[in-house]
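Listed below, chain by chain, are the residues.
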Amino acid sequence: MFGRAQGYLHRNDRTAAYPDSYYAATAHQSDVTRPAWTGDGHVDVCIIGGGYTGLSAALHLAERGYDVALLEAHRIGWGASGRNGGQLGSGQRRDQDDLEALVGLERAHALWSLAEDAKTLAKNLIRQHAIDCDLKHGHIHADHRARYVPATHAYTRLLNDRYDYGLARCVDRDEMRTMLGTTNYYGGMLDEGAAHVHPLNFALGLARAAESAGARLYERSEVTAIRTGADPSVDVADGHISATYLVLACNGYLESLEPKIAARVMPLNNFIIATEPLPADLARELIRDDVAVSDSRFVVNYFRMSADRRLLFGGGESYGANFPADIKTFVRPRMLEIYPQLADTKIDYGWGGTLAITPRRLPCFMRIGHACFSAGGYSGHGVALATLAGQLMAEAVDGTAGRFDVMANLPHPRFPGGTLFRWPLLVLAMMYYSLRDRL
């Protein structure tokens, strides 16, 4: 069932183009290439990783006057930042009542505030830099079990009452079925403050903004080793960089570069399909208000309409280095469970990407020594939070670490079993939860 595919296995292919996807096919100026780093040099800040985290860090550091070099092993936005579901969600990956139990009410409020900052930042960057990435507003959380609905409605009231949110409202079964055109869901929540975007175009727009601010971006510049002591330095395939500060923005592609982080951040693979363009009346039947959707399954289904009325449907995961041999066939049954009326609809694209999770599904922000900062492990909630992470690391480099420390002070346990046994333990856990979803 699983075999080689563009994505996790090909991360060391320095000649790789963007993986075939709907996003790559509709990207703006994706043919613009950037040079590889060669030779030796020194910069104020060396950033490893050309996704949202690294690009945002490059932009905000360059705006502060730092000499910045960003190194990407492939192309800008080649990883999860250019392949994800495009959902610009509210809050952290864990619900606020969970966070209250974990870290207390005061810190939970601080985490909510940062998450709101993250959404605002992403939207402001899109507007400020005229990033053409199909920004649309609204997100539905859809419950696939009737027994889940009371808790979702209680959580909606908690956000509005305790966190003064005011942009979420309860949705009952009848309204949900008119909003989504399926009998698969029993109610949920509409979040009018959330949004969705074309993720690769958002990344490419951030890259152009960073370069306009003075940052230098290098593609096909695979980092082979780092040193995070008092004098940070980076080895690349064809050169060496010394830096005053080092920013690790690798997320699911960190691997063995920094073992302290790798023990807490683990890659996994997720998959998306895109239908052929749908008639306007059918598109409105499926998602009446053109919002993004994610559901209550442990292995989440998530979907939305593209600008040209394709259903972009994500679902299913794999663990380890392999992707499904046929991603379209792997994801399509999950789509048809929700929308059987698409049985005769052609699937034009199927692709996957490698993201990163943490044991508690909270992002892992770390300071390693005095001069190295890292953020990752967004656990599927990274469009807004990764963009904010870059800004927070820029602030920390510049001497104002207060907001960075709010995130860094979250508990970040290691995965049980270490890097050797975490994969089989995760597979066992996911098999259990997948079975629970079906029962």
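Calculation notes
Residues numbered from 1 in each chain as written. Predicted model: local features only at pLDDT ≥ 70, side-chain atom pairs only at ≥ 80, totals over all residues. Heavy atoms only, no water. Salt bridge = Lys/Arg side-chain N within 4 Å of Asp/Glu carboxyl O. Helix = DSSP H or I, 4+ residues; strand = E, 2+ residues; numbered from the N terminus. Buried < 20%, exposed > 50% of the residue type's maximum accessible area, 1.4 Å probe, protein only. Arc of directions from axis to C-beta. Pairing = 2+ DSSP bridges. pLDDT = per-residue confidence, 0-100. Contact = heavy atoms within 4.5 Å.

A.B. asks: What is the right way to read the pattern of salt bridges from this model?
C.D. replies: Pairing between side chains of opposite charge can happen when the charged atoms of each approach one another. Following the criterion strictly, the structure yields 21 salt bridges and no others. Across the pair Arg75 and Glu219 runs a salt bridge, and its minimum N-O distance is 3.2 Å. Of the two residues, Arg75 is situated in the loop between strand E3 (68-71) and strand E4 (87-88) and Glu219 in the loop between strand E8 (216-218) and strand E9 (223-227); the sequence distance between them amounts to 144 residues. Arg75 gets classed as buried once you look at its relative accessible area, which sits at 5%. Among the charged side chains, a salt-bridge network with shared partners connects Arg34, Arg75, Glu211 and Glu219.

A.B. asks: Which parts of the structure should I look at to understand unusual backbone geometry?
C.D. replies: Look at Gln29: it is not a glycine, yet its phi comes out positive at around 60 degrees. Here the phi dihedral of Asp134 falls at roughly 55 degrees; this positive angle occurs in a residue that is not glycine. Given the relative accessible area of 26%, Asp134 is considered partly exposed.

A.B. asks: It is not clear to me how helix H3 (residues 96-103) should be interpreted in this structure. Could you clarify?
C.D. replies: Within H3, burial applies to Gln96, Leu99, Glu100 and Val103. The buried residues of H3 occupy an angular sector of 105 degrees when projected down its axis, which confines them to one face. Of the residues flanking the end of H3, it is Gly104, one or two places downstream, whose phi is positive at about 95 degrees.

A.B. asks: Would you mind going over the pairing of strand E10 (residues 233-236) with me for this structure?
C.D. replies: Put simply, side chains in a regular strand alternate between the two faces of the sheet. In the sheet, E9 pairs with E10 via 4 bridges, with the strands oriented antiparallel. Each bridged residue has a counterpart across the sheet, and for Val223 the counterpart in E10 is Val236. Here E9 folds back onto E10 in antiparallel fashion, the turn holding 5 residues. Where E10 meets strand E11 (residues 239-248), 4 bridges bridge the pair, whose relative direction is antiparallel. Along E11, the bridge assignment pairs Val236 with Gly239. Remark: 2 residues form the turn of the hairpin made by E10 and E11, two consecutive strands paired antiparallel.

A.B. asks: Got a minute to help me understand the confidence of the model for the chain in this structure?
C.D. replies: In low-pLDDT segments, the atomic positions of the prediction should not be examined closely. Averaged over the chain, the pLDDT score is 91; the fraction of residues at 70 or greater is 90%. For residues 1-14, every residue scores under 50 in pLDDT, and the model assigns this stretch 52 contacts once sequence neighbours within four places are set aside.

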